[in-house]
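An overview of the molecular structure
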Amino acid sequence: MNLSSIYLMAPSGGEGGIMDFLPLILIIFVFYFFMIRPQLKKQKEQKKFRESLAKGDKIVTVGGVHGKISEIKETTAVIEIASNIKVTVEKSAIAADFASNEPLKSTK
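Structural notes, computed from the coordinates.

The rules behind the values
- Residues numbered from 1 in each chain as written.
- Predicted model: local features only at pLDDT ≥ 70, side-chain atom pairs only at ≥ 80, totals over all residues.
- Heavy atoms only, no water.
- Helix = DSSP H or I, 4+ residues; strand = E, 2+ residues; numbered from the N terminus.
- Contact = heavy atoms within 4.5 Å.
- Areas by Shrake-Rupley, 256 points an atom, 1.4 Å probe, with all protein chains shown as cover.
- Buried < 20%, exposed > 50% of the residue type's maximum accessible area, 1.4 Å probe, protein only.
- Lys, Arg positive; Asp, Glu negative; His and termini not counted.
- Salt bridge = Lys/Arg side-chain N within 4 Å of Asp/Glu carboxyl O.
- Polar contact = N/O pair within 3.5 Å; in protein donor to acceptor, adjacent residues only side chain to side chain.
- Expected span 1.5 Å × (residues − 1).
- Bend = angle between axes of the 7 residues up to and from the residue.
- Core = buried A, V, L, I, M, F, W, Y, C linked by side-chain atoms within 4.5 Å.
- Phe/Tyr/Trp six-rings, centres within 6.5 Å; stacked < 30°, edge-to-face > 60°.

Describing the overall build of the chain
Helix and strand counts for the chain stand at two helices and six strands. From first element to last, N terminus to C terminus, the chain shows the α and β order α-α-β-β-β-β-β-β. Restricting to contacts in the chain with at least 6 residues of sequence separation, those with at least 24 account for 32%. A total accessible area of about 8800 Å² is found for the chain, and carbon and sulfur atoms account for 61% of it.

Points about the side chain of Arg50
Along the chain, Arg50 falls in helix α2 (residues 22-51). Comment: no salt bridge for buried Arg50; closest opposite-charge side chain is Glu90, at 9.4 Å. Of the polar contacts made by the side chain of Arg50, one reaches the backbone oxygen of Ile94; its length is 3.1 Å.

Some details on α2
Look at α2: 42 Å from first C-alpha to last across 30 residues, which is about the 44 Å you get at 1.5 Å a residue. The largest bend along α2 reaches roughly 40 degrees and is located at Tyr32.

Section: the nonpolar core
Ranked by size, the top nonpolar core spans eight residues in total: Phe49, Leu53, Ile59, Ile69, Ala77, Ile79, Val89 and Ile94. Ignoring anything within four residues of it in the chain, the contact list for Ile59 reads Leu53, Val65, His66, Gly67, Ile69, Ile79, Ile94, Ala96 and Phe98.

Quick notes on the packing of aromatic side chains
Scanning the entire structure with this criterion turns up two aromatic pairs. Here Phe29 and Phe33 contribute two aromatic rings whose centre-to-centre distance is 4.8 Å and whose plane-to-plane angle is 50 degrees, an arrangement assigned as tilted. Remark: Phe33 and Phe29 occur in helix α2; sequence separation between them is four residues, near one turn of the helix. The class for Phe29 is partly exposed, based on a relative accessible area of 46%.

Let's talk about the pattern of salt bridges
Applying the stated rule across the entire model yields one salt bridge. Here Lys73 ties to Glu71 by a salt bridge, and the two come within 3.9 Å at their closest N and O atoms. On the basis of relative accessibility, which here comes to 42%, the residue Lys73 falls in the partly exposed class.

A few points about the environment of Glu74
Checked against the element boundaries, Glu74 lands in the loop between β2 (66-72) and β3 (76-82). The sequence separation of Glu74 and Glu90 amounts to 16 residues, and the corresponding C-alpha distance is 9.4 Å.

Below, the structure written as structure tokens:
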């Protein structure tokens, strides 16, 4: 094949316009509504849950440790896992409210 035959096989650039970008626009739309938006909603719900934590709440950490909150600080919480054992954990490590026995809602 020579260069002139390759040039003749190439589609003309004047026809497509917006139709050339339609598949890309559809992919972006699908990613936003099925992946990005639900994740943002879940993050907002988790933030609201962690801000609403109070002393005395029974919780479960992401590591599976069950305990009761004995003290809340800005970014950490002290949980009591036994009558005389207290552990300090990050608020981001708290996964669920044990009193309701339900994890945070999933948006699947």
